[in-house]
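# A closer look at the structure
These are the residues of each chain, in order.
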Amino acid sequence: MTRVTRGRVPDVLVLEPHHLTDERGVFYEGVRTDALTAVTGRPFVPRQVNYSVSRRGTLRGLHGVTVPPGQAKLVTCVRGSVRDVVVDLRLGSPEFGTYETTALDAESGRAVYVPEGVVHGFLALTDDACVSYLLSTPHVPGTQIDIDPLDPDLAIAWTAGAPADLELLLSAKDRAAPGVREAEAAGLLPYWRGSRHPAAPLPQRSGASG
């Protein structure tokens, strides 16, 4: 049975699969969509599967999808290890600006469910780290939201506890992405469960680790 936990960011779930181990190795369930639907109250039917392979120090994100169409995702690391980060940037959310980190690695099979409207990124901690994404909607050109992962307003501790020699590698697109305030002013951020209320101020300090 998979253990499901919730953190500070509403609707985000961390899934810890139960391992069956013997002399041959390990078996575990990666995901049961019926069980995930029962927890979230919303159907999760994968429409697209993506993989990314990254060298150590690669930072991918922060990325999201406009609502509509919206896109939920289930993220796992199938080779190596990464520091996974989700950020609540849904306008009107009680946890607007809050981020959470989760250690994902091939050995644990741990997964993060990222709901529509929450942005996501990760930092590769090993060479050849491979991340899998099960996506609830197919890619639609022009709907991606990119947020500066190094935005000082978010102050994400990407390298906390990482080796001192870890050097961040970002794409030109991610380096040029707008910060949260700029994205909000441009009308890029989604709303919290249909809310049209202004966003809460960015918290002074945010983040939690898992």
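Just so we're clear, the structure is a prediction, and the values are computed from it rather than from any experiment.

This brings us to the environment of Gly7. Within the secondary structure layout, Gly7 lies in the loop between strand E1 (3-6) and strand E2 (13-16). Its relative accessible area of 39% is what places Gly7 among the partly exposed residues. Considered as a pair, Gly7 and Val86 are 79 residues apart in the sequence and their alpha carbons are 11 Å apart. Dropping the residues within four chain positions of it, Gly7 is found in contact with Val12 and Glu100.

The subject of this paragraph is the environment of Pro69. Relative to the assigned elements, Pro69 resides in the loop between strand E6 (59-65) and strand E7 (73-79). When the C-alpha positions of Pro69 and Asp105 are compared, they lie 30 Å apart, and in sequence the two are 36 residues distant. Among residues more than four places away in sequence, those in contact with Pro69 are Thr137 and Thr143.

Bringing the state of the cysteines into the picture now. Under the definition given, this model contains 0 disulfides. Sulfur of Cys77: no disulfide; nearest cysteine sulfur belongs to Cys130 and is 7.3 Å away.

Right, let's talk about the pattern of salt bridges for a bit. Under the definition given, this model contains 14 salt bridges. The partner of Arg8 in a salt bridge is Glu95, with the nearest N and O atoms 3.2 Å apart. Here Arg8, found in the loop between E1 and E2, pairs with Glu95, found in the loop between strand E8 (81-88) and strand E9 (99-105); they are 87 residues apart in sequence, far enough to count as distant. For Lys173, the salt bridge identified is with Asp146, shortest N-O distance 3.3 Å. Separated by 27 residues along the polypeptide, Lys173 in helix H2 (residues 172-175) and Asp146 in strand E13 (residues 144-146) bring together distant segments of the chain. Members of the salt-bridge network, linked through shared partners, are Asp11, Asp88, Arg90 and Arg193.

E9 sits mainly inside the fold: 6 of its 7 residues count as buried. Bridge count for E8 against E9 is 7 bridges, and the pairing is antiparallel. Bridged to Val87 within E9 is Tyr99.

What the 6 strands build is an open sheet, ordered E1-E2-E10-E7-E12-E5; its pairing is antiparallel. Each edge of the open sheet is held by one strand with a lone partner, namely E1 and strand E5 (48-54). On average, adjacent strands in this sheet sit at an angle of 25° to one another, irrespective of strand direction. As judged from the 6 bridges shared by E7 and strand E12 (residues 129-135), these two strands associate in the antiparallel manner. Counted as the bridge partner of Val75 is Tyr133 from E12. Most of the contacts of helix H1 (residues 33-40) go to E2, to which it runs at about 145°, and overall it touches E1, E2 and strand E10 (111-114).

Criteria and thresholds
Residues numbered from 1 in each chain as written. Predicted model: local features only at pLDDT ≥ 70, side-chain atom pairs only at ≥ 80, totals over all residues. Heavy atoms only, no water. Helix = DSSP H or I, 4+ residues; strand = E, 2+ residues; numbered from the N terminus. Buried < 20%, exposed > 50% of the residue type's maximum accessible area, 1.4 Å probe, protein only. Contact = heavy atoms within 4.5 Å. Disulfide = S-S within 2.5 Å. Salt bridge = Lys/Arg side-chain N within 4 Å of Asp/Glu carboxyl O. Pairing = 2+ DSSP bridges. Axes fitted to C-alpha atoms, helices over the stretch in contact; angles between N-to-C directions.

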